[in-house]
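Fold and contact review
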Amino acid sequence: MMAAEQTPAWRGEMHYDEPMGRHNTWRTGGRARRYYQPADIDDLCVFLAWLETEEPLLWLGLGSNLLVRDGGFPGTVISTFNVLSELDWLEDTVLRTGAGVTCSKVARTAAKAGLVGAEFLAGIPGTMGGALAMNAGAFGGETWPLVRAVKTVDRQGHLRQRTPADFRVAYRSVEGPQDEWFVSADLEMEFGNAQAAQADIRDLLARRSATQPTQQPSCGSVFRNPPGEHAARLIESAGLKGRAIGGARVSEKHANFIINTGTATASDLESLIVLIQETVDRQHGIRLQTEVRIVGERVQS
Ligand SMILES: Cc1cc2nc3c(=O)[nH]c(=O)nc-3n(C[C@H](O)[C@H](O)[C@H](O)COP(=O)(O)OP(=O)(O)OC[C@H]3O[C@@H](n4cnc5c(N)ncnc54)[C@H](O)[C@@H]3O)c2cc1C
């Protein structure tokens, strides 16, 4: 059940006991104890300062890389999509983007302006906050090489300007100051040809729909590629394409994707993840690491 609360301290929307299946691309998972959509950046800072210091926090973009266990998230989810929505040119080649702006909007905005370097973001179905947290990448491009600076917010609601030197960035991994989250990023690109950049985006999107099950609920690639290997190849050669547990099934189109066929619980998805890890380990001697972020509590039996 959801209920709205009004307090004088903050102006955003609070929902209690919010089903997280509404907020992720796997379309399943448990409930969040509290789900907060700030009214704007100032309100976000007021809200953070108001929160208890021990409150578990989960920052949420579009939930395209997130599995919330069936027992739910025992804290507060902060939703940034459509809230941290700034998109401004600081210079001819530098775009400031809020964390809640979609990757595809950033890619299209840059390409239309005749800048190159951000085209790969076009098919990543998340926000820039998620892309910064994950160092999202595709087709040879990655998020952080574009970053000149980021703005973060901490638990007390203080904003800070930071540079890439403050973060340790690697393949799908970003480590930075603890308890700080992304509010915006300044992305620097290069001058190029607008028509060519837009054609590249169309080409990348066509390649995605030819090779990935983009019309079915998934979180994209479940596992990181091990050094010098492809997780999809290891999974396929272990004979796991089409393997199912409950409503979760390894995609026939791309073996590193797990599909929710309609009735998957978070537990079905996690059990299939573990089955894949164990089978690939047994057959290839490689322990696959998840790219998807798994949060929350298991259902108590
Ligand atoms: C069909 C499909 C295709 C995909 N293809 C790709 C691909 O090619 N390349 C790729 O890299 N990924 C891909 N993904 C995965 C996903 O889209 C990316 O990881 C994306 O960057 C996640 O963004 P999000 O806004 O959905 O983040 P969420 O799933 O909402 O969150 C992901 C993580 O980021 C954290 N986070 C979110 N916002 C913030 C913030 N403002 N500050 C700090 N932390 C934050 C969350 O707490 C969580 O830990 C794909 C997913 C799907 C469903």
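Structure: above.
The text that follows walks through the structure, step by step, so that each part is easy to find. None of the values given here were measured: they were computed from a predicted structure.

1. Some thoughts on the pattern of salt bridges
- The full count for this structure, using the stated rule, is 23 salt bridges.
- Residue Arg 162 is joined to Glu 180 by a salt bridge in which the shortest nitrogen-to-oxygen separation is 2.8 Å. Within this pair, whereas Arg 162 is found in strand 12 (residues 159-162), its partner Glu 180 is found in strand 15 (residues 180-188), the two being separated by 18 residues in sequence. Taken as a pair, Arg 162 and Glu 180 share a single burial class, namely buried.

2. Some thoughts on the sheet that holds strand 17 (residues 244-245)
- Strand order in the open sheet formed by three strands is 17-18-19, with antiparallel pairing between adjacent strands. Edge strands, defined here as strands with exactly one partner in the open sheet, are strand 17 and strand 19 (258-260).
- In the sheet, strand 18 (residues 248-250) pairs with strand 19 via three bridges, with the strands oriented antiparallel. Residue pairing for strand 19: Ala 248 is matched across the bridge by Asn 260.
- Across the sheet, helix 6 (residues 266-284) lies against strand 17, strand 18 and strand 19, angled at about 30° from strand 18, the strand it touches most.

3. A short note on the packing of helix 2 (residues 103-112) against helix 4 (residues 194-211)
- Packing of helix 2 against helix 4 brings their axes to within 8 Å, and their N-to-C directions diverge by 155°. In terms of orientation, helix 2 lies roughly antiparallel with respect to helix 4. Facing Ala 107, Arg 108, Ala 111 and Lys 112 of helix 2, the residues of helix 4 in contact are Ala 194, Ala 197, Gln 198 and Ile 201.
- Taken together, the residues of the contact of helix 2 with helix 4 sort by class into five nonpolar, one polar and two charged.

4. Examining the sheet that holds strand 15
- Taken in spatial order, the five strands make up an open sheet running 6-7-15-11-12, and their pairing is antiparallel. Sheet topology places strand 6 (87-91) and strand 12 at the edges, where each strand pairs with a single neighbour. On average, each strand axis in the sheet is inclined to that of its neighbour by 25°, with strand direction left out of account.
- Across seven bridges, strand 11 (residues 147-154) lies against strand 15 in antiparallel orientation. Counterpart to Val 150 in the pairing with strand 15 is Ala 185.
- Across the sheet, helix 1 (residues 41-50) is in contact with strand 11, strand 12 and strand 15; its angle to strand 11 comes to roughly 45°.
- Against the sheet, helix 2 makes contact with strand 6, strand 7 (94-98) and strand 15, and its axis sits at roughly 45° relative to strand 6, the strand it touches most.

5. Some words on the site of the ligand
- As a matter of local geometry, the ligand sits amid 32 residues, with Trp 59, Ser 64, Thr 127, Gly 137 and Arg 208 nearest to it.
- Residue Asn 65 places a main-chain N or O atom 2.9 Å away from an oxygen atom belonging to the ligand.
- Contacts to the ligand include Thr 127, whose side-chain N or O atom sits 2.6 Å from an oxygen atom.
- For the ligand, whose unbound accessible area comes to 970 Å², protein coverage reaches 92%.
- Residue assignment for the shell around the ligand shows that the elements contributing at least two residues are strand 3 (57-60), helix 3 (128-134), strand 9 (137-138) and strand 15.
- It is helix 3 that provides the largest number of residues to the shell around the ligand, a total of five residues.
- Of the residues in the shell around the ligand, the class split is 16 nonpolar, twelve polar and four charged.

Cut-offs and rules
Residues numbered from 1 in each chain as written. Predicted model: local features only at pLDDT ≥ 70, side-chain atom pairs only at ≥ 80, totals over all residues. Heavy atoms only, no water. Salt bridge = Lys/Arg side-chain N within 4 Å of Asp/Glu carboxyl O. Helix = DSSP H or I, 4+ residues; strand = E, 2+ residues; numbered from the N terminus. Buried < 20%, exposed > 50% of the residue type's maximum accessible area, 1.4 Å probe, protein only. Pairing = 2+ DSSP bridges. Contact = heavy atoms within 4.5 Å. Axes fitted to C-alpha atoms, helices over the stretch in contact; angles between N-to-C directions. Parallel < 35°, antiparallel > 145°, perpendicular 65-115°, else oblique. Nonpolar A, V, L, I, M, F, W, Y, C, P; charged D, E, K, R; others polar. Near = heavy atom within 4 Å. Polar contact = N/O pair within 3.5 Å; in protein donor to acceptor, adjacent residues only side chain to side chain. Areas by Shrake-Rupley, 256 points an atom, 1.4 Å probe, with all protein chains shown as cover.

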